[in-house]
Amino acid sequence: MAFCRRLAPNLRVALQTWPSPSNLRLVELPSWTCTALGGVRGFIRHPVKATGHILGHKMEVIQGSRKRPSYMPPKIPKHPLQDVELNMNEVLTYSDMKLRWQWTTRFSTSRMTIARHWKPMRTEFPRNKPTCAFVWHEDMPHRTPQPELPDPEHFERIKKQELFCVFKSSVYHQHKVTVGDIVQAEKLHRRDAGEKVVFGTVLLVGSKDFTILGKPTVPYAKVKATVEQQTLTKEMLAFWYKPRRKQSHFYRRRQHVTMLRIDEIILTPDEDPADPPPPKPARLLDLWANRWLDPAEKEGIEMIEGEDGRLIPKVAQIYDGLEHQPGSYHRRGLTSCYRYWPDPAATHWRI
Amino acid sequence: MLLSAVRFGRIPREIVFAVAKGMYGRSKRCFKLAAVRVMKELNHMYWLRKKRRKQMRILWITRINAASREHGFLYSRLISGLTRANMAVDRKSLCILAETEPASFKCVVDEAKRMMKRETLESARNLSRF
């Protein structure tokens, strides 16, 4: 067993096969022990230190505590005939030339241990197709895949129910709300108090009679809310330092938040859940200038008559209204509703 | 670090005394003593605010675990079942669901149970769901 693992790479394989190598002694236990342990376990005694380890069937025994070779591998003497760099001036006796294995591998790998086996992680990819599951509470322990929608005869019944839902108001934050709740969300960009906003990423809808499990979202559900306040939280004092470091930081900060009042949780099972197309170029002129124009500037925009007779800005002839960057309309609140990851309809931040 | 309040990133004197209000002994009156106590106090508050997120998550997990065990299901199996089911409801929402909406929470647990059932060979070979 004094081989280095490099010289005997199939050592582990050898150890898995019974009977064990010469210096591993498989000691037969008394018969009552063998039956108690199922008859497959042996008591492996190592001559040096591993006494007392009961190893299971097919358990892998390795030399040393690590499965990988260490950074400072043990010195292995070359055969004197192959050792070109051996300084012959230092060779005084015959024992200096002798191939000595005594002190090579002893200290690092003298101990026998059981190799740790890590289970490989179960892969999550490819993900299942995004769907949702409609579950009536009457047939509660559902054991089969549930449909996305109930029977069309129940559509009206569903819409009239009092609902609650879990929706996302930003990439990070989920809220469980019912109608009339006030929630504190991250700041919504360029939204004033009193404006109506729609959130399209609904993860779960429930009521007294049914639950709709979004996997990951419910495509036909939306949350309508009113912006109650665009405000700041209370002032927090932040002061921190670390011992023995000559620095400290003190600042007062207030976080921008948006208070939302939930007006409505809408289920539209009979409509197409796809969002309307992106806004028209007339609305996008601000983006063309890459800033928000004031009314005086907007009046200076040159308008022409479009194909259908309506006035459109002249820029629309060369700019078709595509996003220059995915998610830029969403960030400015121009899309019909806010959608965040993991919504499959979200326009950006996909994984 | 030298615990002195006269430095860059220092705490203003008014704030020192505002925070030191109600402290024991001369710490609430003498600036030199109060500064040290307040710096330590605010430093604790700062790091505890970071720690609170971890603690809340631990709390949610504990509650979800207890609630899902009522349905005979372990937390770890629940979470891995939800992952396989492609559901994105987080711990906070699950915890609130378990507390306030037991029926819906049971639906979620049932869904996870269904996903964690051992796959038969046919369903494992069925690639139509991808």
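Owing to the predicted nature of the structure, the values given are computational and were not obtained by experimental measurement.

A. Spatial organisation of the sheet that holds strand β9 (residues 182–186) of chain A. Residue and element names in this part refer to chain A. On the basis of which strands lie adjacent, the open sheet formed by four strands has the order β9-β16-β13-β10 and antiparallel pairing. The strands lining the two open edges of the sheet, one partner per strand, are β9 and β10 (196–199). Within the sheet, the average angular offset between the axes of one strand and its neighbour, ignoring direction, is 45 degrees. Pairing of strand β13 (residues 221–232) with strand β16 (residues 256–267) involves 11 bridges; the strand directions are antiparallel. Of the residues in β16, the one forming a bridge with lysine 222 is isoleucine 266.

B. How the structure looks around the sheet that holds strand β11 (residues 202–206) of chain A. Here five strands make up an open sheet; going across it, the order is β6-β12-β11-β7-β8 (chain A) and the pairing antiparallel. The sheet is open, and its two borders are formed by β6 (131–136) and β8 (174–178) of chain A, each paired with just one other strand. On average, adjacent strands in this sheet sit at an angle of 15 degrees to one another, irrespective of strand direction. Here helix α4 (residues 91–100) of chain B sits on the sheet in contact with β7 (164–168), β8 and β11 of chain A, set at roughly 30 degrees to β8 of chain A. Of the strands in this sheet, β6, β7, β11 and β12 (210–215) of chain A are in contact with helix α5 (residues 102–116) of chain B, which crosses β12 of chain A at around 45 degrees.

C. View of the environment of phenylalanine 167 of chain A. Residues and elements named next belong to chain A. Checked against the element boundaries, phenylalanine 167 lands in strand β7. Between the alpha carbons of phenylalanine 167 and proline 80 there is a distance of 75 Å; along the sequence they are 87 residues apart. Apart from the residues lying within four places of it in its own chain, the contact partners of phenylalanine 167 are His173, Gln174, His175, Val177, Val183, Phe199, Thr201, Val202, Leu203, Val223 and Ile262.

D. Broad picture of a positive patch on the surface. A cluster of basic residues, Arg253 of chain A together with Lys50, Arg52 and Arg53 of chain B, forms a positive patch at the surface. Residue contributions to the positive patch peak at three residues, all from helix α2 (residues 31–70) of chain B. Its place among the elements puts lysine 50 of chain B in helix α2. On the basis of relative accessibility, which here comes to 41%, the residue lysine 50 of chain B falls in the partly exposed class.

E. Layout of the interface of chain A and chain B. Taken residue by residue, the interface counts 44 residues in chain A and 46 residues in chain B. Buried area between chain A and chain B, both sides added, is near 4100 Å², and the carbon and sulfur share of it is 58%. Our count for the contact surface shared by chain A and chain B stands at three salt bridges. Where lysine 176 of chain A meets glutamate 101 of chain B, a salt bridge forms, and the shortest distance between an N and an O atom there is 3.0 Å. At the junction of chain A and chain B, the tally comes to 14 residue pairs in polar contact (both at pLDDT 80 or more). Put simply, the parts of the chain that give the side of chain A that touches chain B at least two residues each are β7, β8, β11, β12, β14 (236–241) and β15 (248–253) of chain A.

F. Here's a closer look at unusual backbone geometry. Residues and elements named next belong to chain A. Geometrically, the link from lysine 215 to proline 216 is a cis peptide bond, its omega value of 0 degrees lying close to zero. On the secondary structure map, proline 216 appears in the loop between β12 and β13. Positive phi, close to 55 degrees, is recorded for arginine 190, a residue that is not glycine. Mapped onto the secondary structure, arginine 190 falls in the loop between β9 and β10.

G. Spotlight on α4 of chain B. Among the residues making up α4 of chain B, those that are buried are Ser93, Leu94, Cys95 and Leu97 of chain B. Where α4 of chain B is buried, its residues meet β7, β8 and β11 of chain A together with α2, α3 (75–84) and α5 of chain B.

Each value, and the rule that gives it
- Residues numbered from 1 in each chain as written.
- Chains lettered and ligands numbered in written order.
- Predicted model: local features only at pLDDT ≥ 70, side-chain atom pairs only at ≥ 80, totals over all residues.
- Heavy atoms only, no water.
- Pairing = 2+ DSSP bridges.
- Helix = DSSP H or I, 4+ residues; strand = E, 2+ residues; numbered from the N terminus.
- Axes fitted to C-alpha atoms, helices over the stretch in contact; angles between N-to-C directions.
- Contact = heavy atoms within 4.5 Å.
- Patch = residues over 30% accessible without salt bridge, like charges linked within 9 Å, V, L, I, M, F, W, Y side chains within 5 Å.
- Areas by Shrake-Rupley, 256 points an atom, 1.4 Å probe, with all protein chains shown as cover.
- Salt bridge = Lys/Arg side-chain N within 4 Å of Asp/Glu carboxyl O.
- Lys, Arg positive; Asp, Glu negative; His and termini not counted.
- Charge placed at Lys NZ, Arg CZ, Asp CG, Glu CD.
- Buried < 20%, exposed > 50% of the residue type's maximum accessible area, 1.4 Å probe, protein only.
- Buried area = accessible area lost by both parts, 1.4 Å probe.
- Polar contact = N/O pair within 3.5 Å; in protein donor to acceptor, adjacent residues only side chain to side chain.

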